[in-house]
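Observations on the model geometry
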Amino acid sequence: MRRTNLHRVIAAAILGVFVIATASGCAQTSKDKPFSPKLDTNADTSLTVYGNYSNFEALESEFERFNEHYPNVNLSYIYLDGYNDTIANSLLSSEAPDIYCTFNWMWGNPDCADIFESAADLSAPETGIDFSCVRDGVIRKTDNGEILMAPVLATSFGMLVNTDLFEKEGLKVPKTWSEFEMACEKLKAAGYASPVMGYVSSESGSLEYNFAYPSLCNSAVSNPAMRDSFNELDPSAGELMRPSLEKLKELADDGDIDIEKCENEIEDNYNAAIMRFFEGDVPMLVCSGDVASGTKKRESQSESFSASPFEYRFYVVPFDEKGGFVIDTVAMNFSVNKNSPNLDMAMEFMRFLISNSELGNMASVKRLITTTKDFSLDSMYSSLSDTPKDRMICSTEANINDNAVKQFRYAAHHVLVGDMTVDEAIASYGNLEE
Amino acid sequence: MKRGLTIFVNIVIIACIIFFISVYTSQKRDESNHHELVVFQNTAETAGQVITNYLADEQHLCDIWANYINNYASSSGEPMTIEEAIEFTRRASISDEVAANIVYYDDGSFKGLSSEPSLKDADDYSVSYKGFSLFKDFSEDDLNKEIRQTAAFANPQNGVPSMAFLNTVTLQGENPGETREALLMRIIPISEISRKLVYLKGEYEDVDLAIIDGDGEYMVHGNQLKNANLFEYYKSYNDTDYQSQQAFEDEVTGDTGLIEITDSKGQSAVVAHTPATSDKDWFLINIIPKSSLIPDVVDWVLLGGTIGALAALLIFNMVVMMLYNRRLAVAAEEAEKANAAKSHFLSMMSHDIRTPMNAITGFNEMISRESHDPEILRYSEGIRMADDTLLGLINDILDFSKLEAGKLDIIPAEYDLVLILSDLVNMIRVRAEEKKLSLKIDIDKDIPRMLYGDELRIKQCAINLLSNAVKYTAEGTVTFTVGYEPSAEDNNKILLKISVADTGSGIKQEDIENLFVAFKRLEEKKNRNIEGTGLGINITQSLLSMMGSSLQVESEYGKGSVFSFVVKQEVRGTEKVGDYEEAFRAAMESKGRYVQSFTAPDAKILVVDDTPLNLSVFTSLLKATEVSIDTAESGREAMRLCTEQVYDVIFLDHMMPDLDGIQTLHELKALSENKNPDTPIICLTANAISGMREMFLSEGFTDYLAKPIEFASLEQMLLKYIPEEKITVGAVTQREDQPLPGAILTIPELDTDAGMSHCGNVSSYLDTLQIYSAGSEKTAEEIRSLWKEHDLKNLTVKLHALKSTSGVIGASDVRDLAADLEKAGNEGSLGERGDDLERLLSSYTALAEKLTPLFTTEGKEESLPLIQAEALQQVYANLLQACEEFDYDTIVSAVEELAQYRIPDDEKERVDAICRASDDLDYDVIPELIKEGRREGQDE
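The following paragraphs examine the structure supplied in this document. Just so it is clear, the model here is predicted, and its values are computed rather than measured. (Residues numbered from 1 in each chain as written. Chains lettered and ligands numbered in written order. Predicted model: local features only at pLDDT ≥ 70, side-chain atom pairs only at ≥ 80, totals over all residues.)

Looking now at the overall build of chain B. Looking only at helices and strands, one finds 29 helices and 25 strands in chain B. When contacts within chain B are restricted to residue pairs at least 6 apart in sequence, those whose partners lie at least 24 apart make up 66%. (Helix = DSSP H or I, 4+ residues; strand = E, 2+ residues; numbered from the N terminus. Contact = placed C-beta atoms within 7 Å.)

Another point: the interface of chain B and chain A. A common way to express how large an interface is: the accessible area buried when the components associate. Each partner contributes to the interface: chain B provides 23 residues, whereas chain A provides 25 residues. Here the side of chain B that touches chain A is built from residues that sort into 11 nonpolar, nine polar and three charged. (Nonpolar A, V, L, I, M, F, W, Y, C, P; charged D, E, K, R; others polar.)

Between its first and last C-alpha atoms helix H10 (residues 417–434) of chain B spans 26 Å; for 18 residues at 1.5 Å apiece the expected length is 26 Å, and the two agree. One or two positions beyond H10(B), positive phi appears at Lys436(B), with a value near 60°. (Expected span 1.5 Å × (residues − 1).)

All names here are of chain B. With antiparallel pairing, the six strands of this open sheet are ordered in space as S3-S2-S1-S6-S5-S4. Where the open sheet ends on each side, the last strands, each with one partner, are strand S3 (126–128) and strand S4 (153–154). Of the pairings in the sheet, the one linking S4 to strand S5 (residues 161–172) comprises two bridges and is antiparallel in character. In the sheet register, Phe 153 faces S5, and the bridge partner there is Ser 162. The sheet contacts of helix H2 (residues 82–92) involve strand S1 (99–104), strand S2 (111–114), S5 and strand S6 (179–189), and relative to S1 the element is tilted by about 160°. (Pairing = 2+ DSSP bridges. Axes fitted to C-alpha atoms, helices over the stretch in contact; angles between N-to-C directions.)

Our next topic: the packing of helix H21 (residues 762–774) of chain B against helix H23 (residues 792–809) of chain B. All names here are of chain B. Interhelical geometry of H21 versus H23 gives an angle of 140° and a closest axis separation of 10 Å. Handedness of the H21/H23 crossing: left-handed. From H21, Thr 768, Leu 769 and Tyr 772 reach across to H23, where they touch Thr 805, Val 808 and Ile 809. Taken together, the residues that form the contact of H21 with H23 break down as four nonpolar, two polar and no charged. (Left-handed = near helix turned anticlockwise from the far one by under 90°.)

Before going further, it helps to spend a moment on helix H11 (residues 455–471) of chain B. Over its 17 residues, H11(B) runs 23 Å from end to end, which matches the ideal 24 Å to within 8%, given 1.5 Å per residue. Along H11(B), the positions that sit buried rather than exposed are Glu455(B), Arg457(B), Ile458(B), Cys461(B), Ala462(B), Asn464(B), Leu465(B), Leu466(B), Asn468(B), Ala469(B) and Val470(B). (Buried ≥ 20, exposed ≤ 12 C-beta atoms within 10 Å, placed from the backbone.)

Before going further, it helps to examine the nonpolar core. Met350(A), Ile102(B) and Leu184(B) are the most contacted members of the largest nonpolar core, which has 211 residues in total. Take this core: its biggest share by element is 10 residues, from helix H1 (residues 3–76) of chain B. Residues contacting Ile102(B), with those up to four places away along its chain left out, are Ile82(B), Ala85(B), Ile86(B), Gly112(B), Leu113(B), Val169(B), Ala182(B), Leu183(B) and Leu184(B). In this structure, Leu659(B), Ile727(B), Val797(B) and Leu799(B) belong to the second largest nonpolar core, which totals 75 residues. (Core = buried A, V, L, I, M, F, W, Y, C linked by C-beta atoms within 7 Å.)

Below, the discussion takes up unusual backbone geometry. Here Asn399(A), not a glycine, exhibits a phi torsion of approximately 55°, which is positive. Note on Asn399(A): 19 C-beta atoms within 10 Å, which makes it partly exposed. Its identity as a non-glycine residue notwithstanding, Lys436(B) has a phi of 60°, on the positive side. By the element assignment, Lys436(B) lies in the loop between H10 and strand S13 (438–443).

Residue and element names in this part refer to chain B. Assignment of secondary structure puts Glu 626 in the loop between helix H14 (612–621) and strand S21 (628–632). C-beta crowding within 10 Å serves as the criterion here: with 18 such atoms nearby, Glu 626 is assigned to the partly exposed category. Sequence-distant contacts of Glu 626, that is, excluding residues within four places in its chain, are made with Thr 599, Ala 600 and Pro 601.

All names here are of chain B. Pairing between S13 and strand S15 (residues 477–486): six bridges, direction parallel. Its bridge partner lying in S15, Ile 441 is registered against Phe 480. Counting the residues in the hairpin turn of S15 and strand S16 (residues 493–502) gives six residues.

Shown next, in the form of structure tokens:
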């Protein structure tokens, strides 16, 4: 309990900075020391980064910035289809990457143990990497205090709101659950068959997950003991899901979402979801920050949006009369292959990257949230700054492991599509299948 | 050429060279660029063909595998199991890099077996593409192509980025008789494909390769190409709209071609695209920065080097020019200094020569007037001739100086040709006669008489030629020919032709050019006895050139020469020269001994000169004209006199201490009490250097008279400026001279012969000595005062005057000392010569002290020589005659003569009475006193 309280304090402090920085509306200037190369700047070597982003311009912009110091270092990012299933083998292959992407869900997952077997300790003094600029809450450490993955991009959960549509319908963006319900009623009355839309699936990034996970985190933070059992997939701990699942059930029962429409019209949780949102008739698209980050680039790809552009923002989905929960979670980490023949240069790149300015730059290009203490939000996320402190939760504080999350995703999906009642889903916890 | 213009021309030339190089290299660059692009496209096309062939080969191998597996059933009766099929691929594969996967697609699981185990588990050959997007949109229809390959993916067994060639196989199902549909995947690492194109990378170091599908999705891509899709990449970094984006996509997915885009670094890049499959569903993209593809064939090193070299050349030239200019400037400065020194020297020489020559000419004039002794007159004539020669030499040098300085102007005016011819003939006639040469005059009687031109310069040219002819002809004839012909261009002008032929020594052909070289005298050894500066022909040629003419020379060595010139002159009037003989005779008749031409007793003139000696010469020269002369030794004294008297003419010396002539003139003009505001003021100067005349006239002088003063010029000047009514034309009487007092002869510091030669007669000499001694105390005091005040400028002027006056009286030691100190003054070192100055003053004072008693009445009688009775009677006789003839000058002279002797006591009272009568201008009493004495003598 004491540990949980401590985590809450830390998280509150971090998010306090978050709020203050955002509320002040001014981007804080970087307090970094200027990067000073440690290695021979004429070094002629290559670094390869493997990841699952098919498009990673944000990282590529960092390559170019790094090349200002090391002009002869050839950096490349390679997208691996089937990344999650193959990165462990890639690390063992003759074409192993020097740096590779890791995710929070991998942390503590026995299936991913091999991935971290190859990861170098980024906190080792000889690396010179200074993590003091990174929010403590987003850093995962081993029991030995090693840092095997550096958080480089943060995200959150919520919904994209077509604010022009709301304005056109004379509505305000809902901040409480009752306002949410009322807005949905009015929208339905106005002819919007599914005021809420999203990628309906049991996969990560689905509407169900993005809608319900924040409240699950709240439950986990509120009841750490049950959370621990929850992580152990103890069926009795399925109760931890109840508030989230009931709210999801309410959403479906109230007809605020047309599930069939969503399944038919949104084929994936990224490109299809965004393009559908840009059709202009979706009042609210439940998604993660990762999806929101892809909107800008796709504005021009949408003929509808190009023809009739509109304003949109990222908001927290209300959970109760106090509003919703903002989850501060990591979207992507970088690990360094300790077996890399270019380990020194890979570490040098990480030393370069882990700074207020570079992580801030990468988040800005990616339109995600930086993992540093010194950050300001993209205007798209400005609404998050209105969130009360007690509604901000760091994902590490919730500390729900990947297997538990999967069970929750399955439960949420079954409840939403009506395969299971809330009670059935809770009762089946630990044994739920996709 | 001025420096600025030189630099400009250099820069223009450099700019032209650079322009040419730029245009030429630009043309070459365009050609080279085009060539490079063609080569790149061809190379890309070749690479595309390599890829196409490779993909086709790999697909073919995949198809062989699939055929074998599928045909197995027909040979063995039932299809292969998945394990048998995988085992077959293991056996069939000859490359470790190639793997095979067989995955079921009939149930959408895409799970199956791999020919290779998982790197994580050596016993695990199972494979699943569940988490891959690879088969997300799989359709069997996709396999109806010639080549059926996947996009890049991570090989699940080893995580290596790979691609696969596909075919379908039918396998045995789990249950008997059941078959399963599966995909056979021949998996090749992407790096293998890259290796196929390694030669392309070798050809173009910065090229990046990608294989895209028809939607722009990268199947394979390198480091430079960002994004996940080429079309998205293009949109991200290029300013596009729908049409241009579409055009790009159509272009890239079309046939082989080139397209220029902006890459992610914002630099221009060239994309060569070519289909990588015969179905045109994949395309090979070769992208390279344009700067890498198209080397800068503008050889900037060459261009820069050329520009640098040209600039360096320009700078070098400028520096060299600057150095040369500096040297030239130094040389020019030195030349200017030398020229200035020369001018100064000429000025000084002119002044210094003309000053004593003034005395020589003046007193010689007096000798010729007053002496009746033929021998003396012959000497006097000798002096005059030497004087003329000397003046001629000086004038030549001065003219040359003027020509060099560009200050000699041609001043045209109307003139009478007869007068010129008369002067010329008169002049040359004398000289020819002296050398016993025959002079032939051939003058065309029809030449217009009144012409318009610079008569002085024409006359000067003719004189030079005539003089030379006489000089260089030992015997024979000098022929002076003057003719004319009408000007073809202008009816109002004639070409005046003047020619001088002689039967002299002639000139060698090779020496004719040297005739025109200044100071060059031909055959100097042979002609050493002939006077001349070597400037005459040079001056003549220069003058003729200024008049638009040139000197023609025809000569035969040993036989004689003909010098001629033709000048264009404007005709004024219709009168002809006519019978020149008449004019010549008239001239001959007018020639004779000089006789005073006029008297002007009512005229009053003022002469201002700081040198009393010069005043003495001046008054002596004009004594016979009876002109009333006031003298002043300074500008201030002159100004005072001008407020008291009205003068007909004022002669004002230029160089005077304190106020010089010009300052005096200005102050006189500004003086309100001046009674002579309109009186002509003539400048007297020994500085006859070029430009002086113009300077004096511009300063306000009415006219200018050079020293030494020629009496004729002075007379002309007076006739010109004294009102006609005050002039009476007629000759005046001459008077005899008297012996020099013995006391003067005993003074060792005095060279009385020199003094006498300077002053002309005893009277003038004594007057001069008296003036010298009388002013000595004042002069010495002034010199001391100027020295004390360190006024070296005025001190130098004073020393000049002292030198001049001392020279005139024959005090050569004092003169030399003063000259030495004056020179020091001009050189700026006078301030260091205090001891010498004191020595000068000591000598000067000592001489003055010896002279002063001779001219002092009080207490000097005892030292004077006793006049002999006969001499006294002679003086009395002279006085009686002078009184009868009203020759007051003689009376005064006689009285002054008496003052030089000690008078016997019995006559002393009478002499004193005569002197008083003379002083009181009571000349009637003098005869009475003399006659009274004679009567008393007879009584005794």
